[in-house]
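Residue strings, one per chain:
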Amino acid sequence: MADAYAPKPQHKFTFGLWTTANPGRDPFGEATRPALDPIANIRKMAEIGAWGFNFHDNDLIPFGESASERDKIVKNAKKAMKDTGIVCSMATTNLFSHPVFKDGAFTSNDAAVRAFALQKTMHAIDLGVELGAKIYVFWGGREGAEVDLAKDPIECMKRMREAMNFLTQYVKDQKYDLTFALEAKPNEPRGDIFLATTGNMLAFIETLEHREMVGVNPEYAHETMAGLNFTHHVAQAIEAGKLFHIDLNGQKMGRFDQDLRFGSEDLKGTLMLVRLIERSGYAGPRHFDAHAYRTEDAEGVWDFARGCMRTYLVLKEKARRIDEDKEIAAILKEINRGDAKLEKLSRSYSSENAKKLKDAKLDADALAGRKLPYERLDQLLNEVILGVR
Ligand code: GCO
Ligand code: MN
Ligand code: MN
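In what follows, the accompanying structure is described.

Conventions we followed
- Residues numbered from 1 in each chain as written.
- Chains lettered and ligands numbered in written order.
- Predicted model: local features only at pLDDT ≥ 70, side-chain atom pairs only at ≥ 80, totals over all residues.
- Heavy atoms only, no water.
- Donors = N, O, S within 2.8 Å, 3.2 Å for Na, K, Ca; no water.
- Tetrahedral: all angles 85-135°; square planar, octahedral: opposite > 155°, others 65-115°.
- Helix = DSSP H or I, 4+ residues; strand = E, 2+ residues; numbered from the N terminus.
- Buried < 20%, exposed > 50% of the residue type's maximum accessible area, 1.4 Å probe, protein only.
- Near = heavy atom within 4 Å.
- Polar contact = N/O pair within 3.5 Å; in protein donor to acceptor, adjacent residues only side chain to side chain.
- Areas by Shrake-Rupley, 256 points an atom, 1.4 Å probe, with all protein chains shown as cover.
- Nonpolar A, V, L, I, M, F, W, Y, C, P; charged D, E, K, R; others polar.
- Pairing = 2+ DSSP bridges.

Looking now at the coordination of the manganese ion (ligand 3). For the manganese ion (ligand 3), every protein donor is listed as Glu183 (OE), Glu219 (OE), Asp247 (OD) and Asp289 (OD), and the spread of their distances is 2.0 to 2.2 Å. Seen from the manganese ion (ligand 3), its 6 donor atoms lie at angles of 81 to 176 degrees, and the figure they make is octahedral. Along the chain, the residues donating to the manganese ion (ligand 3) fall in the pattern E-x35-E-x27-D-x41-D. Between the manganese ion (ligand 3) and the manganese ion (ligand 2), a separation of 3.9 Å is found, and both are coordinated by Glu219. Taken together, the residues span a long stretch of sequence, with Glu183 in strand E6 (residues 179-183) and Asp289 in the loop between strand E10 (286-288) and helix H11 (300-324) at a distance of 106 residues. Under the relative-accessibility criterion, Glu183 is labelled buried at 6%.

Taken together, 13 residues form the shell around ligand 1, and within it His56, Glu183, Lys185, Glu219 and Asp289 come nearest. Trp18 places a polar side-chain atom, nitrogen or oxygen, 3.5 Å from an oxygen atom of ligand 1. Within the contact set of ligand 1, an oxygen atom lies 3.1 Å away from a side-chain nitrogen or oxygen of Asp247. Coverage of ligand 1 by the protein amounts to 92% of the 330 Å² it exposes when considered alone. Its residues assigned to classes, the shell around ligand 1 comprises 4 nonpolar, 3 polar and 6 charged.

Let us look at the sheet that holds strand E1 (residues 13-16). Think of a sheet as strands paired side by side through backbone hydrogen bonds, with each pair either parallel or antiparallel. The 8 strands lie next to each other as E8-E6-E4-E3-E2-E1-E10-E9, forming an open sheet whose pairing is parallel. The open sheet has two free edges, formed respectively by strand E8 (214-216) and strand E9 (247-248), since each of these has just one partner strand. The sheet contact formed by strand E2 (residues 52-56) and strand E3 (residues 87-92) spans 5 bridges and is parallel. Directly across from Asn54, in E3, lies its bridge partner Met90.

By themselves, these figures tell us nothing about what the structure is for.
This is the structure we're talking about:
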């Protein structure tokens, strides 16, 4: 569809190799689609207008593959990139599929498993950098517990910190141009996952040795599973200068991790998210971490992928309309009431300001009576979404 909503590399859309290669397997049923070769996957992403692809080490190189086979696959990936212009924007480690990680990776109670996780991650970082990745994501799917007695949660925080300090130093030593983005999730596959929300991650990052190299990779589905407002979490990350990457998808609140097509649920919330991202100056990838319904066949996967990008661009256009709407602007102006005299006193502390503020005449009843026309505001927003405004 070559119209105003056709995705182009400049939009910086990316997909994980695991997203479009998802074969439709779930805990109750086998795959419903054939396996997709990673090189064909990369080429197809480029063809439909994606700017980049992301991958877990084992999405590209099967676990335990020989060095010569690894080099062959890397060569083919580089050729696909050269032929199509697609870039590798992010890489990550699969620290969840192999049974060795059944009780965690960096937070495992077993020192040898923790060492193996570091070793695997260093190799995967080398691979990501070789393909040009500038961002490295950490999603600790197995870093959690079902039996709290078995895992000391304070010790697990310390182990996680040790791993991050070790790996940031490794990146510095290698002189790699790479930053880390930590991705939170409340549960699944573990009963509870440590560092459950983006807010937890932001606090944890401040305790790291090379915190300037580490930001977050919030995912729409993950905060939504926990019943939280995803846009607010992204906003906090932006304000802290820590939005390094983002995982976009769709999710019904409070359910299992559904990883639905972007915009397939909560269009209004999703629009607020796109508006936030676009107004923030965030220049990183718009990554879709989602997959096609299990009911789709191999071809339907690409309807899913096209749908994610198209919906993003439509919502971006809707966001522009909202910001150009005169009635909406008038209401926003009305409710954002400045007061130069009072703000001079309240915006920064001095003993003199404090004293003046304590004596200031502020009529709470009069303030409470000020108009806040949110019914009208939200209706206008709905009408933009519904396409009648
Ligand atoms: C999930 C996660 C993963 C990660 C991916 C990259 O819930 O399965 O979102 O898809 O994003 O492993 O680290
Ligand atoms: Mn997810
Ligand atoms: Mn994700």
